[in-house]
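Single-letter residue listing:
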Amino acid sequence: MSQIVVCPLSRIGETAVRHKSREMVTLIAKEQSFHRPAVISAERHLTLQMNDITFKGTDKLIAPDDLHVQQLIDFAHGWDQSAPLLIHCWMGVSRSPAAALIVALAVRPEQDDAALAARLRIVSPYATPNSRIIEIGDRLLGRGGALIAAIKSIGRGADTDGNVPFVLPLYEQVAQE
């Protein structure tokens with residue numbers, strides 16, 4: 001079954017190995033460093049440098065923008081879905097869940113936004129997708145506000161320390177880590 005695995009930066013190595021991921025998306029601030037797990041192909045690793053903010057960036061903070069989200073969509077279209085796609089950010093709560101939703105809709109555009117958001121909430125009671133990434137993704141994917149409305153309908157996730165990886169299936173069956 002095709003699925004997206006979301007985790008915090010601190011768990012990318014073990015999560016990549018456990019789920020046999022070969023491709024990864026990193027959403028992380030420019031100044032943060034990390035090592036790509038050896039099981040992830042360098043050619044199939046997308047790094048998007050951005051801060052977890054929902055307003056226009058400053059000299060020190062980089063806001064998610066159209067280019068970031070378009071690169072994510074393009075990367076998703078190249079995912080062969082034979083192994084889970086690993087998506088991570090610092091805590092696995094805001095940027096990476098937003099990216100996971102956009103990837104899911106990029107590769108399966110026929111699915112219902114509300115059902116996808118409901119699946120997210122089931123597999124992660126903590127996810128609070130970054131609203132700026134969601135808004136840009138909604139527009140670039142031509143969702144007509146459906147993704148924005150779906151995310152608003154599930155509300156803010158519960159508080160967490162960010163150490164809670166989860167699996168978002170692309171199909172209706174729900175799988176948890």
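Cut-offs and rules
Position labels on residues start from 1 in each chain and follow its written sequence. Residues qualify for local features only when their pLDDT is at least 70, as the model is predicted, and side-chain atom pairs are given and counted only at 80 or more; totals for whole chains, interfaces and linings, by contrast, use all residues. Side-chain numbers come from the whole structure's heavy atoms, not from hydrogens or water. Axis definition: a line fitted to C-alpha atoms, limited for helices to the stretch in contact. Angles are taken between N-to-C directions and run from 0 to 180 degrees. In this text, helices come from DSSP runs of H or I with a minimum length of four residues, and strands from runs of E with a minimum of two, each type numbered from the N-terminal end. Less than a right angle of anticlockwise turn of the near helix away from the far helix marks a crossing as left-handed, whereas a clockwise turn marks it as right-handed. In what follows, a contact means two residues having at least one pair of non-hydrogen atoms within 4.5 Å. Under this grouping Gly is polar, as are all residues other than the nonpolar Ala, Val, Leu, Ile, Met, Phe, Trp, Tyr, Cys and Pro and the charged Asp, Glu, Lys and Arg. Polar contacts here mean pairs of N or O atoms no more than 3.5 Å apart (in protein, one a potential hydrogen donor and the other a potential acceptor; neighbouring residues in sequence count only if both atoms are side-chain atoms). Think of it in three bands: with a 1.4 Å probe and only protein chains considered, a residue is buried below 20% of the maximum accessible area for its type, exposed above 50%, and partly exposed in between.

A. Examining the packing of helix α4 (residues 113-123) against helix α6 (residues 146-154) more closely. Where α4 meets α6, the closest approach of the two axes is 8 Å, and the angle between their N-to-C directions is 35°. At the point where α4 passes α6, the crossing takes the right-handed sense. The segment α4 lies against α6, with Asp113, Ala114, Ala117, Ala118, Leu120 and Arg121 engaging Ala146, Leu147, Ala150, Ile151 and Ile154. Broken down by class, the residue content of the contact of α4 with α6 amounts to nine nonpolar, no polar and two charged.

B. Region of the structure containing the side chain of histidine 45. Within the secondary structure, histidine 45 sits in strand β3 (residues 45-49). Of note is the side chain of histidine 45, whose polar atom sits 2.7 Å from the side chain of threonine 26. If we ignore the near neighbours within four places in the chain, the residues touching histidine 45 are Met24, Thr26, Phe34, Arg36, Ile40 and Phe75.

C. Local environment of unusual backbone geometry. With phi around 60°, lysine 20 is a residue other than glycine that occupies positive phi space. Structurally, lysine 20 can be placed in the loop between α1 (12-19) and β2 (23-28). Exposure remark for lysine 20: the relative accessible area of 62% places this residue in the exposed category. Unlike most non-glycine residues, glutamine 81 shows phi in positive territory, near 65°. The residue glutamine 81 is located in the loop between α2 (66-78) and β4 (85-89) in this model. Relative accessible area serves as the criterion here: at 24%, glutamine 81 is assigned to the partly exposed category.

Function cannot be read off these values alone, since they describe shape.
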